[in-house]
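Per-entry structural report
The residues making up each chain are set out below.
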Amino acid sequence: MRIISGKFKGHKLVSFDEDHIRPTTDRVKESVFNIISGYIESARVLDLFSGTGSLGLEAYSRGASSVEMVEINPKSIKIIQKNLERLKITDGIKILKRDAVEFVKKYEGEPYDIILIDPPFPLKICLSILEEIDRSRVANNHTRIVIEHSKQEPLPSEIGTLRCIDTRSYGDKLAAFYEKKGS
């Protein structure tokens, strides 16, 4: 795994041997970020189910002003911290040790510009996080939402006020791009 583009382009991320992590491949990451590239500069980014931090770090490398990474697993948090140390990042990225669904449910701040979601694949988790985003202040009509999920369990085209505006296929996974209606 590496940073694809931006100020940390080419930097390798720490290797790990954890079976609870299913990292986004460089190919998928590059494609997703090419699609949302026009929204990243100076964006406030929320990285849910952060895992290794790869998606949030890519956003930061490409010019996001800040990234909040929400991750509950202590092993994953250690990997994120090692990646921050490796890249010598001391500000602009915050790690929040929280359950992603609970974080979104209780969120009271300003909406994010981009929300990156790479949850464990079961459809129930994917639907749950999108349903909470729909009800939460975490997103508004200008927020770009990207979620990776299993091709075997496709997501609906609409979830409350969220609508899917694009879907891309990568092997056994899909990346779905959502926005709130009225955007």
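Keep in mind the model is a prediction, meaning the values are calculated, not measured.

Along its length, the protein chain carries 6 helices and 8 strands. Start at the N end of the protein chain and walk to the C end: the helices and strands fall as α-α-β-α-β-α-β-α-β-α-β-β-β-β. Relative to the compact-globule value of 16 Å for 183 residues, the protein chain shows a C-alpha radius of gyration of 15 Å, a close match. Overall, the protein chain is about 40 × 35 × 30 Å in size when its C-alpha atoms are taken along their principal axes. Per-residue burial for the protein chain yields a buried fraction of 50% across its 183 residues. Of the contacts made within the protein chain by residues no fewer than 6 positions apart, 67% connect residues no fewer than 24 positions apart. Within the protein chain, one finds 29 positive and 27 negative side-chain charges whose respective centroids are separated by 2 Å.

A few words on unusual backbone geometry. Of all residues except glycine, most have a negative phi; of all peptide bonds, most are trans. Phi is positive for Ser 42, close to 65°, though the residue is something other than glycine. In this structure, Ser 42 sits in the loop between α2 (37-40) and β1 (44-48). In this structure, Lys 88 takes a positive phi of about 60° despite not being glycine. Among the secondary structure elements, Lys 88 is positioned in the loop between α4 (74-87) and β3 (93-97).

Moving on, we come to the environment of Ala 176. With respect to the helices and strands, Ala 176 occurs in strand β8 (residues 173-180). On the accessibility criterion, Ala 176 (1% relative accessible area) is buried. Along the primary structure Ala 176 and Ile 3 are separated by 173 residues, whereas in three dimensions their C-alpha atoms are 21 Å apart. With residues up to four places along the chain from it excluded, the contact list for Ala 176 reads Ile 145, Val 146, Ile 147, His 149, Cys 164, Asp 166 and Thr 167.

To continue, consider the side chain of Glu 148. Here Glu 148 lies in strand β5 (residues 144-150). Glu 148 gets classed as buried once you look at its relative accessible area, which sits at 3%. At 2.8 Å, the side chain of Glu 148 forms a polar contact with the side chain of Lys 173.

Right, let's get into the pairing of β8. Two faces make up the sheet, and in a regular strand the side chains alternate between them. Burial runs high along β8: 8 of the 8 residues are buried. What you see with β8 is no split at all: Lys 173, Ala 175, Phe 177 and Glu 179 on one side and Leu 174, Ala 176, Tyr 178 and Lys 180 on the other are buried throughout. Bridge count between strand β7 (residues 162-170) and β8: 8 bridges; the pairing is antiparallel. Paired with Tyr 170 across the strands is Lys 173, a residue of β8. Counting the residues between successive antiparallel strands, the hairpin from β7 to β8 contains 2 residues, one of them, Gly 171, with a positive phi of roughly 60°.

This structure, assessed with the given rule, holds 13 salt bridges. Salt-bridge contacts for Lys 106 lead to Glu 102; the nearest nitrogen and oxygen are separated by 3.7 Å. Of this pair, Lys 106 and Glu 102 both sit in helix α5 (residues 100-106), 4 residues apart, roughly one helical turn. Residue Lys 106 is classed as exposed on the basis of its relative accessible area of 54%. Exposure remark for Glu 102: the relative accessible area of 30% places this residue in the partly exposed category. The closest approach of N and O atoms between Glu 132 and Arg 135, which form a salt bridge, is 2.8 Å. Taken together, the residues Glu 132 and Arg 135, both in helix α6 (residues 123-135) and 3 residues apart, mark about one turn of the helix. Residue Glu 132 is classed as buried on the basis of its relative accessible area, which comes to 10%. Residue classification places Arg 135 among the exposed positions, given a relative accessible area of 57%. What emerges from the salt-bridge pattern is a single network uniting Arg 2, Asp 26, Lys 29, Glu 58 and Arg 62.

Rules and cut-offs
- Residues numbered from 1 in each chain as written.
- Predicted model: local features only at pLDDT ≥ 70, side-chain atom pairs only at ≥ 80, totals over all residues.
- Heavy atoms only, no water.
- Helix = DSSP H or I, 4+ residues; strand = E, 2+ residues; numbered from the N terminus.
- Rg over C-alpha atoms; globule rule 2.2 N^0.38 Å.
- Buried < 20%, exposed > 50% of the residue type's maximum accessible area, 1.4 Å probe, protein only.
- Contact = heavy atoms within 4.5 Å.
- Lys, Arg positive; Asp, Glu negative; His and termini not counted.
- Charge placed at Lys NZ, Arg CZ, Asp CG, Glu CD.
- Polar contact = N/O pair within 3.5 Å; in protein donor to acceptor, adjacent residues only side chain to side chain.
- Pairing = 2+ DSSP bridges.
- Salt bridge = Lys/Arg side-chain N within 4 Å of Asp/Glu carboxyl O.

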